[in-house]
Amino acid sequence: MAIDAKLVEIIACPVCKGKLQLDREHNELVCRFDRLAYPITENIPVLLESRARKLDLDELPG
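Please read all numbers here as calculations on a predicted model, not as lab measurements. (Residues numbered from 1 in each chain as written. Predicted model: local features only at pLDDT ≥ 70, side-chain atom pairs only at ≥ 80, totals over all residues. Heavy atoms only, no water.)

Undergrad: Can you explain the pairing of strand β2 (residues 28-31)? Please cite residues and give values.
TA: On any regular strand, side chains alternate: one points to one face of the sheet, the next to the other face. Alternating positions in β2 separate into two faces, Glu28 and Val30 on one and Leu29 and Cys31 on the other, with burial throughout. Note: strand β1 (residues 21-23) against β2, three bridges, orientation antiparallel. Paired with Asp23 across the two strands is Glu28, which belongs to β2. Of the strand pairs in this sheet, β2 and strand β3 (residues 36-41) are connected by four bridges, and their pairing is antiparallel. For Leu29, the partnering residue across the bridge sits in β3 and is Tyr38. Counted along the chain from β2 to the antiparallel partner β3, the turn is four residues long, and its residue Arg35 has a positive phi close to 55°. (Buried < 20%, exposed > 50% of the residue type's maximum accessible area, 1.4 Å probe, protein only. Helix = DSSP H or I, 4+ residues; strand = E, 2+ residues; numbered from the N terminus. Pairing = 2+ DSSP bridges.)

Shown next, in the form of structure tokens:
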């Protein structure tokens, strides 16, 4: 079972409170503003800044 699309619409980045984008390829939620990728573990978003991966500019989803 994949993460619910409605959940992705309502959750926000814990750092800037901005919208997150689902990156299905890497199974992450991405904040374009902060360039952070939050992992999704067992269909549960892990929205902890300490667990987020910092993204390079070329890694941001289009």
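Undergrad: Break down the nonpolar core for me, with residues and values.
TA: It is characteristic of soluble globular proteins that their nonpolar side chains tend to be buried jointly. The biggest cluster of nonpolar side chains holds 11 residues, and these are Ile3, Val8, Ile11, Cys13, Leu20, Leu29, Cys31, Leu36, Tyr38, Ile40 and Ala52. Only β2 and β3 provide two or more residues apiece to this core. At three residues, the largest contribution of residues to this core is made by β3. Apart from residues no more than four positions distant in its own chain, Ile40 is found in contact with Ile3, Leu22, Asn27, Glu28, Leu29 and Pro45. (Core = buried A, V, L, I, M, F, W, Y, C linked by side-chain atoms within 4.5 Å. Contact = heavy atoms within 4.5 Å.)

Undergrad: Which residues make up the pairing of β3, and what values go with them?
TA: With respect to burial, β3 is a largely interior element, five of its six residues being buried. The sheet contact formed by β3 and strand β4 (residues 44-45) spans two bridges and is antiparallel. Bridge pairing links Thr41 to Ile44 in β4. Connecting the antiparallel pair β3 and β4 is a turn made up of two residues, with Glu42 showing a positive phi of about 50°.

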